[in-house]
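Residues per chain, in single letters:
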Amino acid sequence: MFEWRRISKLKLTPVEWLFVAAGGALLIHLLQPHFKSYATTDARTFSVVGDIDYGDDGRTAQNLVSESPNRIVLLGDYGYDVDANTWWNSTMKAVRDSGIPVIATLGNHDQSSAYLKIFGQSSWNFSRTVGNTRFVSINTQSPSLSSAESKVRTGQNDPAIRWVVPIMHKCIVTPQGSHHPPEVSIKFHKMFQKYSKVKLVLQAHNHNYFRSVKNGITYIVVGSGGRTLYNDANDLWTRVHISNTYGVLKCRTSATGISCRFVDNGGATRDSFTVM
């Protein structure tokens, strides 16, 4: 390890000391672009939920906006049999009126084109940057591993991005229960493992809240938006399982981690964790 006190013992003239100082300043200037400091100003907040239906009579929408997050992330299965615009203007009125931008992925019960228009999106396969976080939406109705990996890799290689967060409807890691992971789930998990910025994956489809950790990646199921709840069983990777309440996940990103809370629609925090 280099010790600066050794320099102080050198017998140099004032001019020579000036050159030493100038050289150090030049070195710092040259190296600075190669190091990214994720400032606290990069911090952003977002609220997450899926499988909404009537949204616990509007309480889910109110919960989503209650702390004025920078983004709302919706994980599919929205109005089910209800017309998309009717659902947006009634069940989700609190979100609509808040003006908070929405990032949404497609569920298996959704009217694709209608919801794309509501959310102002042109596709269900996309990436969106919010602060130091890159959200990668994966359309699990027609999943493309190569398309998803291309977007994840782009975030991994961007020095301004600290976290890459895949979002999807159908789960690739979830306890065995009402909806099993699709066959491609192992391939997606192995792909995520290749990228160090992927620490958190957001999913829905099963109507409950699960937090699982597999090979250092935290997988969240937050399908607790309002559809009839499931009581699925735990498995090897399960850390937390909540199946008796509706609620949303609320997260805050920073340079050092993503801190999240699962908050039920009554305002109680039922789970909290940080990925780093």
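What this report covers is the structure whose coordinates are included nearby. (Residues numbered from 1 in each chain as written. Predicted model: local features only at pLDDT ≥ 70, side-chain atom pairs only at ≥ 80, totals over all residues. Heavy atoms only, no water.)

### Description of the packing of aromatic side chains
When we look at a pair of aromatic rings, we describe it by the centre distance and by the angle of the planes.
At step 1: Within this structure, the stated rule accounts for ten aromatic pairs.
At step 2: Residues Phe46 and Phe135 carry aromatic rings whose centres are separated by 5.0 Å and whose planes lie at 90 degrees to one another, so their mutual orientation is edge-to-face. Here Phe46 is found in strand β1 (residues 45-49), whereas its partner Phe135 is found in strand β5 (residues 133-138), with 89 residues between them in sequence. Exposure class is identical for Phe46 and Phe135. Each is buried.
At step 3: Judged by centre distance (4.2 Å) and plane angle (20 degrees), the rings of Tyr209 and Phe262 are stacked. Placement of the pair is Tyr209 in strand β8 (residues 209-214) and Phe262 in strand β12 (residues 258-264), with a sequence separation of 53 residues.
At step 4: You can call Tyr209 buried: its relative accessible area is 0%.
At step 5: Feature note: the residues Tyr78, Trp87, Trp88, Tyr115 and Phe119 constitute an aromatic cluster, connected by ring pairs.
At step 6: Cation over ring: Arg227 sits above Tyr80, and NZ or CZ is 3.8 Å from the ring centre. (Phe/Tyr/Trp six-rings, centres within 6.5 Å; stacked < 30°, edge-to-face > 60°. Helix = DSSP H or I, 4+ residues; strand = E, 2+ residues; numbered from the N terminus. Buried < 20%, exposed > 50% of the residue type's maximum accessible area, 1.4 Å probe, protein only. Lys NZ or Arg CZ within 6 Å of the ring centre and 35° of its normal.)

### Structural notes on the sheet that holds β1
At step 1: Taken in spatial order, the six strands of this open sheet run β3-β2-β1-β11-β12-β13, and their pairing is mixed. The two strands at the open ends of the sheet, each matched to only one other strand, are β3 (102-104) and β13 (269-275). The average angle at which neighbouring strand axes cross in this sheet is 20 degrees, direction not considered.
At step 2: With six bridges joining them, β12 and β13 adopt antiparallel strand pairing. Bridging across to β13, Phe262 finds its partner in Asp271. (Pairing = 2+ DSSP bridges. Axes fitted to C-alpha atoms, helices over the stretch in contact; angles between N-to-C directions.)

### Quick word on the environment of Asn265
At step 1: As for its position among the elements, Asn265 is in the loop between β12 and β13.
At step 2: Owing to a relative accessible area of 17%, Asn265 belongs among the buried residues under this scheme.
At step 3: Put simply, Asn265 and Ala61 are 204 residues apart on the chain and 9.2 Å apart in space, counted from C-alpha to C-alpha.
At step 4: Among residues more than four places away in sequence, those in contact with Asn265 are Asp56, Arg59, Thr60, Asn63, Tyr246 and Gly247.
At step 5: Only 3.0 Å separates the side chain of Asn265 from the side chain of Thr60, close enough to count as a polar contact.
At step 6: Within polar-contact distance, the side chain of Asn265 engages the side chain of Asn63 at 2.9 Å. (Contact = heavy atoms within 4.5 Å. Polar contact = N/O pair within 3.5 Å; in protein donor to acceptor, adjacent residues only side chain to side chain.)

### Description of the nonpolar core
At step 1: Within the largest apolar cluster, 50 residues are counted, with the highest numbers of intra-cluster contacts made by Leu74, Phe119, Leu202 and Leu249.
At step 2: Sorting elements by how many residues they give to this core places helix α6 (residues 112-119) first, with four residues.
At step 3: The residues contacting Leu202, other than those within four sequence positions of it, are Phe46, Val48, Leu75, Val165, Pro166, Ile167, Met168, Ile220 and Leu249.
At step 4: Judged by nonpolar contacts, the second largest core, of 17 residues, contains Val152, Met191, Val198 and Val201. (Core = buried A, V, L, I, M, F, W, Y, C linked by side-chain atoms within 4.5 Å.)

### Re the side chain of Asp271
At step 1: Within the fold, Asp271 resides in strand β13.
At step 2: Asp271 gets classed as buried once you look at its relative accessible area, which sits at 7%.
At step 3: Those residues in contact with Asp271 that lie beyond four places of it in its chain are Tyr209, Arg211, Val240, Ile242, Cys260, Arg261 and Phe262.

Everything listed here is a matter of coordinates, which is why it stays silent on function.
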